[in-house]
Amino acid sequence: MQFSLIPPENSPLGGAIRYEVRHNTAEDIDVQLLDATTGVTLAAKRFASVTSAGFDAAPALRRCLRYAPEAGATGFLSAADRHLKVTARALLTNHQDIAETADIRTFLPGTRIPEGSEILTSMPLGRLIPEGACDELTLFSEEKCSLTVSAVSAVSVTAENYASPNSGLQVFRLDTRDFPGAETILVDAGACGTVSYTVVPAREEAVRLAWRSREGSIEHYSFPIVGSATHHTDKVRAEGADGVVVTAAKSDFRARLVSAYESRGVLEALAGIIDAPEVWIVKEEGYEPVDVTTDEATIHRHGTMSCLEIDIRSTRKNAITWN
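Now for a look at the structure at hand. (Residues numbered from 1 in each chain as written. Predicted model: local features only at pLDDT ≥ 70, side-chain atom pairs only at ≥ 80, totals over all residues. Heavy atoms only, no water.)

Considering the overall build of the protein chain
Using the following cut-off: Secondary structure counts use DSSP, requiring at least four H or I residues in a row for a helix and at least two E residues in a row for a strand, with both numbered from the N terminus. Each residue gets one of three labels from its accessible area relative to the maximum for its type: buried under 20%, exposed over 50%, partly exposed in between, using a 1.4 Å probe on protein chains only. Accessible surface area values rest on a Shrake-Rupley calculation with a 1.4 Å probe, where residue burial reflects the displayed protein chains alone. Only four residue types enter the tally: Lys and Arg on the positive side, Asp and Glu on the negative side; His and the chain ends are excluded. Charge positions are represented by NZ for Lys, CZ for Arg, CG for Asp and CD for Glu.
Helix and strand counts for the protein chain come out as two helices and 24 strands. Dimensions of the protein chain, computed from the C-alpha atoms along their principal axes, are close to 75 × 70 × 45 Å. Counting across all 323 residues of the protein chain, residues that qualify as buried make up 43%. When the accessible surface of the protein chain is totalled, it reaches about 16900 Å², and 48% of it is carbon and sulfur. Side-chain charges of the protein chain comprise 31 positive and 44 negative groups, with the mean position of each set lying 5 Å from the other.

Considerations on the packing of aromatic side chains
Filter applied, for reference: Here a pair means two rings of Phe, Tyr or Trp (six-membered ring of Trp) with centres within 6.5 Å. Their orientation is stacked below 30 degrees between planes, edge-to-face above 60, and tilted elsewhere. We call a charge positioned over a ring when the NZ of a Lys or the CZ of an Arg lies within 6 Å of the ring centre and within 35 degrees of the ring normal.
With the rule as written, the count across this model stands at six aromatic pairs. Between Tyr19 and Phe55 the ring centres are 5.7 Å apart and the planes differ by 15 degrees, which places this aromatic pair in the stacked class. Of this pair, Tyr19 sits in strand E3 (residues 18-35) while Phe55 sits in strand E4 (residues 41-56), placing them 36 residues apart in sequence. As far as burial versus exposure is concerned, Tyr19 and Phe55 are alike and both buried. On the basis of an interplanar angle of 80 degrees and a centroid distance of 5.0 Å, the ring pair of Tyr221 and Phe223 is categorised as edge-to-face. Taken together through their ring pairs, the aromatic side chains of Phe3, Tyr19, Phe47 and Phe55 make up a single cluster. When the ring centre of Tyr67 is taken as reference, the NZ or CZ atom of Arg212 above it lies at 4.4 Å.

Let's talk about the pattern of salt bridges
This is how the line gets drawn: For this analysis, a salt bridge means a side-chain nitrogen from Lys or Arg found within 4 Å of a carboxyl oxygen belonging to Asp or Glu.
Applying the stated criterion to the full structure yields 17 salt bridges. The salt bridge partner of Arg46 is Asp30, with a shortest N-O separation of 2.6 Å. Linking Arg46 in strand E4 with Asp30 in strand E3, this pair joins segments that are 16 residues apart in sequence. Given a relative accessible area of 11%, Asp30 falls into the buried group. Connected via shared salt-bridge partners are Arg66, Arg212 and Glu278.

Brief notes about the nonpolar core
Rules: The definition of a nonpolar core used throughout is a set of buried Ala, Val, Leu, Ile, Met, Phe, Trp, Tyr and Cys residues joined through side-chain atoms within 4.5 Å. Should any heavy atoms of two residues lie within 4.5 Å, those residues are considered in contact.
In terms of nonpolar packing, the biggest core is built from 31 residues, with Tyr19, Leu33 and Leu61 touching the most fellow members. Secondary structure elements with two or more residues in this core: E3, E4, helix H1 (58-62) and strand E6 (84-92). Apart from residues lying up to four places away in sequence, Leu33 is in contact with Tyr19, Val40, Thr41, Leu42, Ala43, Phe55, Ala57, Leu61, Val86, Thr87 and Ala88.

Looking at the sheet that holds strand E11 (residues 134-141)
Rules: In this scheme, strands are said to pair when DSSP sees at least two bridges between them. To get an axis, a line is fitted to the C-alpha atoms, and for a helix only the part in contact is used. The angle between two axes follows their N-to-C directions and goes from 0 to 180 degrees.
Strands sit in the order E5-E14-E11-E9 across an open sheet of four strands; the sheet is antiparallel. Each edge of the open sheet is held by one strand with a lone partner, namely strand E5 (75-77) and strand E9 (118-120). When the angles between neighbouring strand axes are averaged without regard to direction, this sheet yields 40 degrees. Inspection of the sheet shows E11 paired to strand E14 (residues 168-175) by eight bridges, in the antiparallel sense. By the bridge assignment for E14, Leu137 is matched with Phe172.

Notes on unusual backbone geometry
Located in the positive-phi region is Asn10, a residue other than glycine, with phi close to 65 degrees. With respect to the helices, strands and loops of the structure, Asn10 is situated in the loop between strand E1 (2-5) and strand E2 (11-12). Judged by its relative accessible area of 15%, Asn10 is buried.

Topic: the side chain of His220
The test is simple: Each polar contact in these results corresponds to two N or O atoms within 3.5 Å; when the atoms are within protein, one needs to be able to donate a hydrogen and the other to accept it, and residues that are neighboring in sequence are counted only if both atoms are side-chain atoms.
Along the chain, His220 falls in strand E18 (residues 218-223). Residue class for His220 comes out buried when judged on its relative accessible area of 6%. There is a polar contact of 3.5 Å between the side chain of His220 and the side chain of Asp135. A distance of 2.9 Å separates polar atoms of two side chains, one belonging to His220 and the other to Tyr287.

Observations concerning the environment of Gly110
With respect to the secondary-structure elements, Gly110 resides in the loop between strand E8 (105-108) and E9. Considering only alpha carbons, one finds Gly110 and Ser122, 12 residues apart in sequence, at a separation of 11 Å.

Let's talk about the sheet that holds strand E15 (residues 184-188)
Pairing is mixed in the open sheet, where five strands are placed in the order E10-E16-E15-E12-E13. Single-partner strands in this sheet number two, and they are strand E10 (126-130) and strand E13 (157-163). The mean angle between the axes of side-by-side strands here comes to 20 degrees, regardless of whether they run parallel or antiparallel. As defined by bridge partners, E15 adjoins strand E16 (residues 194-200) across five bridges and the pair is classed as antiparallel. Bridge pairing in E16 places Thr184 opposite Thr198.

Here it is in structure tokens:
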């Protein structure tokens, strides 16, 4: 028994991940997907009376990859939860001493294998960022990654160097509060590329969202306009001899956000919020999950400037108890 097909290194979980195992006689074969770091079984499947067993591991592994943005100062963050290191093991159900193990593979979020060292992002590399806001960059580096952050103001230029001890998938967080007074911030990641930020005044009413993109990154964008905001309440009522009484209630927050007038490329990237598996609203105290209820976004209208409107609501309902 042997594996005749295993996926390439750094295969994306957004596509198919094919394994195939072959045996010279028809047998019951058990296949297990194991976390190569901890040895924990992530998924298992049994094939009855077969000489070959092929399957797509992506649906099972996608459920195992959950990650969220982290608050903190400027610098590299741990990317341990952004990828999976997996090995596959096949064994005969009735003869478990006969087993075969596939080579360890690293699987990445996203929909494609990185092409050398690059910044994995769906947003343009030239960006606006409000004063006091943060951003996150996802990089793939074939070597240990180092980058330089240069902050340019009207009176000075400062530069800070940051280094990650690892190669492969890297996560870098930028907090503009670490560069007070900066008008332009350049993040030079060497072979991966450079991101240029223009720092603009913050709008008090703006809402900044973060979401998981199809590139496997977490993107940020500040919606400058809140078109509407509502406080929605669901009440539980009981009717008795004295009339209707409210016995309990749950409330949540809902809002319509409007982007600035952006280029088609930016709007196409922002439209990814609609089908993103997870979205968060950025608050002073951290990241709060929200649900995007918009199903359709207009990203281009001939002859006019375009903006994007989306509706969000809080994912947690606040229980209100009544005496």
